[in-house]
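# Chains, contacts and geometry: an overview
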Amino acid sequence: MPHDPIPTGKSDPPSSLVFRQVSKVYDDSLGGNRFALRDVSFDVPTGSRVAIVGRSGSGKSTLLHLAAGIDVPTGGEVLIGGHNLGTLSERSRTLLRREQIGLIFQFFHLLPHLSVQDNVALPELIAGQEMSEITRRVSQLLERVGLQDRSQDNIQKLSGGEMQRVAICRALIRKPPLLLADEPTGNLDDANSRLVMEMMLKMAAEQESTLIYVTHSGELADLADQVWSLHSGILET
Ligand SMILES: Nc1ncnc2c1ncn2[C@@H]1O[C@H](COP(=O)(O)OP(=O)(O)OP(=O)(O)O)[C@@H](O)[C@H]1O
Ligand SMILES: [Mg+2]
């Protein structure tokens, strides 16, 4: 005879990210459909680190955009920290993204007219965090990536590898439970790629952030706990 589960008084935290039969279809210029993702389902446990590999056009960026709530699926459901994105307004999705997700891009997306320090501080400034706390946190992060002596420099004075280290600090400053990185080392040489990737993995682990990153490098993918591959919009986990 089946027993009811024994109540433990605590419930497991919701998974960082869940996809349930997610599809994304674009109209092509000939009036047909182009499937960027087909029936993709997965559940990323909190704190895990996943690398996504796949050919150009296989749907990697589409998957990350849907995971970030930047774009919406044409079918299926996306849940972030237990919240179903499909039931939220665009405004609520934006707020959820600011609180729950750190984003890192291939071309950094830093603000060229700001200093290193202000680029890192930006998410905290938007959130209205207290200035003394922001300053403390920015210097802690910059020290962690070895850029403490560059904090006052204009961002444009930095090398590509240095810029990506700044972008990682910016993505992590609000301690987001979920970190998404689209080819974060795609614009860096081999030595810098390894350094930046190892830094990103280590800092995500220290903050207990779940990390999902896209890479073209098998060697860098192998640094993750799991490697998933996409083939023409179909995911193999
Ligand atoms: N806005 C759009 N309109 C139409 N088709 C699109 C759009 N965005 C992406 N696609 C198509 O969806 C497919 C997946 O694109 P996606 O950018 O996700 O690929 P990717 O795996 O990130 O490729 P890459 O490695 O080159 O960055 C491609 O065929 C692409 O042309
Ligand atoms: Mg891409």
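Residues numbered from 1 in each chain as written. Chains lettered and ligands numbered in written order. Predicted model: local features only at pLDDT ≥ 70, side-chain atom pairs only at ≥ 80, totals over all residues. Heavy atoms only, no water.

## As for the packing of aromatic side chains
Keep this limit in mind: Stacked, tilted and edge-to-face pairs are distinguished by plane angle, under 30 degrees for stacked and over 60 for edge-to-face with tilted covering the rest, among Phe, Tyr and Trp rings (Trp via its six-membered ring) whose centres lie within 6.5 Å. Each helix is a run of H or I in the DSSP string that is no shorter than four residues. Each strand is a run of E no shorter than two, and both are numbered from the N terminus. Under the scheme applied here, a residue whose accessible area is under 20% of the maximum for its type counts as buried, over 50% as exposed, and between as partly exposed, the area being computed with a 1.4 Å probe on protein chains only.
Taken as a whole and judged by the stated rule, the model has 2 aromatic pairs. Plain terms: the ring middles of Phe19 and Phe42 are 4.5 Å apart, the flat faces sit at 20° to each other, and that makes the pair stacked. Of this pair, Phe19 sits in strand 1 (residues 17–27) while Phe42 sits in strand 2 (residues 33–44); the two residues are 23 residues apart in sequence, bridging distant segments of the chain. No difference in accessibility class separates Phe19 from Phe42, as the two residues are buried. Taking 4.8 Å as the distance between ring centres and 50° as the angle between the ring planes, the aromatic pair formed by Phe42 and Trp228 counts as tilted.

## Thoughts on the environment of Ala224
Note the threshold: Here a residue-residue contact requires only that any non-hydrogen atoms of the pair lie within 4.5 Å.
The topology assignment puts Ala224 in the loop between helix 7 (218–221) and strand 9 (226–231). Distance from Ala224 to Met197, taken between C-alpha atoms, is 10.0 Å for residues 27 residues apart in sequence. Residues contacting Ala224, with those up to four places away along its chain left out, are Arg49, Val50, Ala51 and Tyr213.

## Details of the site of ligand 1
Here is the rule we go by: We call a residue near a molecule or strand when any one of its heavy atoms sits within 4 Å of it. Within 3.5 Å is the distance limit for a polar contact, defined as a pair of N or O atoms, with the added protein rule that one can donate a hydrogen and the other accept it, and that residues adjacent in sequence qualify only through two side-chain atoms. All accessibility values rest on the Shrake-Rupley procedure with a 1.4 Å probe; residue burial counts only the protein chains present in the view.
Near ligand 1 lie 13 residues; those nearest to it are Ser56, Gly57, Lys60, Ser61 and Thr62. Take Ser56: an N or O atom from its side chain is 2.6 Å from an oxygen atom of ligand 1. In the environment of ligand 1, an oxygen atom lies 3.1 Å from a nitrogen or oxygen atom belonging to the backbone of Gly59. For ligand 1, whose unbound accessible area comes to 640 Å², protein coverage reaches 63%. Broken down by secondary-structure element, the contributors of at least two residues to the shell around ligand 1 are strand 2 and helix 1 (60–67).

## Focus on the packing of helix 5 (residues 160–172) against helix 6 (residues 190–206)
Packed helices, taken two at a time, are described by their axes: the angle between them and the distance between them. What counts is decided by this rule: Comment: axis = line fitted to C-alpha atoms, over the contacting stretch for helices; angle = value between 0 and 180 degrees taken between N-to-C directions. Should an angle fall under 35 degrees it is taken as roughly parallel, and over 145 as roughly antiparallel, whereas 65 to 115 is taken as roughly perpendicular and any remaining angle as oblique. Handedness of each helix crossing follows the sense of rotation of the near helix against the far helix: counterclockwise by less than a right angle gives left-handed, clockwise gives right-handed. By the convention adopted, Pro, Cys, Tyr, Trp, Phe, Met, Ile, Leu, Val and Ala count as nonpolar, Lys, Arg, Asp and Glu as charged, and the other residues, Gly among them, as polar.
For the pair helix 5 and helix 6, the least separation of the axes is 10 Å and the interaxial angle reads 15°. As the angle between them shows, helix 5 and helix 6 are arranged roughly parallel. With respect to the hand of their crossing, helix 5 and helix 6 are arranged in right-handed fashion. Facing Gly161, Gln164, Arg165, Ile168 and Leu172 of helix 5, the residues of helix 6 in contact are Asn192, Leu195, Val196, Met199, Met200 and Met203. Grouping the amino acids of the contact of helix 5 with helix 6 by side-chain chemistry returns 7 nonpolar, 3 polar and 1 charged.

## What to know about unusual backbone geometry
Negative phi is the rule for most residues except glycine; trans is the rule for most peptide bonds. In this model, Phe108 sits at a positive phi of 70°, which is unusual for a non-glycine residue. Topologically, Phe108 is positioned in the loop between strand 6 (101–104) and helix 3 (116–126).

## Examining the sheet that holds strand 10 (residues 234–236)
We apply this condition: One requirement defines pairing of two strands: DSSP has to find at least two bridges between them.
Pairing in this open sheet of 6 strands is mixed, and the strands run 6-7-8-3-9-10 from one edge to the other. With one partner strand each, in any of the chains shown, strand 6 and strand 10 form the two edges of the open sheet. Adjacent strand axes in the sheet meet at a mean angle of 20°, parallel and antiparallel pairs treated alike. The pairing of strand 7 (residues 178–182) with strand 8 (residues 210–214) spans 5 bridges and is classified as parallel. Pairing of Asp182 across the sheet is with Val214, part of strand 8. Running at roughly 150° to strand 7, helix 1 makes contact with strand 3 (49–54), strand 6, strand 7, strand 8, strand 9 and strand 10 of the sheet. Contacts from helix 2 (residues 90–100) reach strand 6 and strand 7, with the element oriented near 80° to strand 6.

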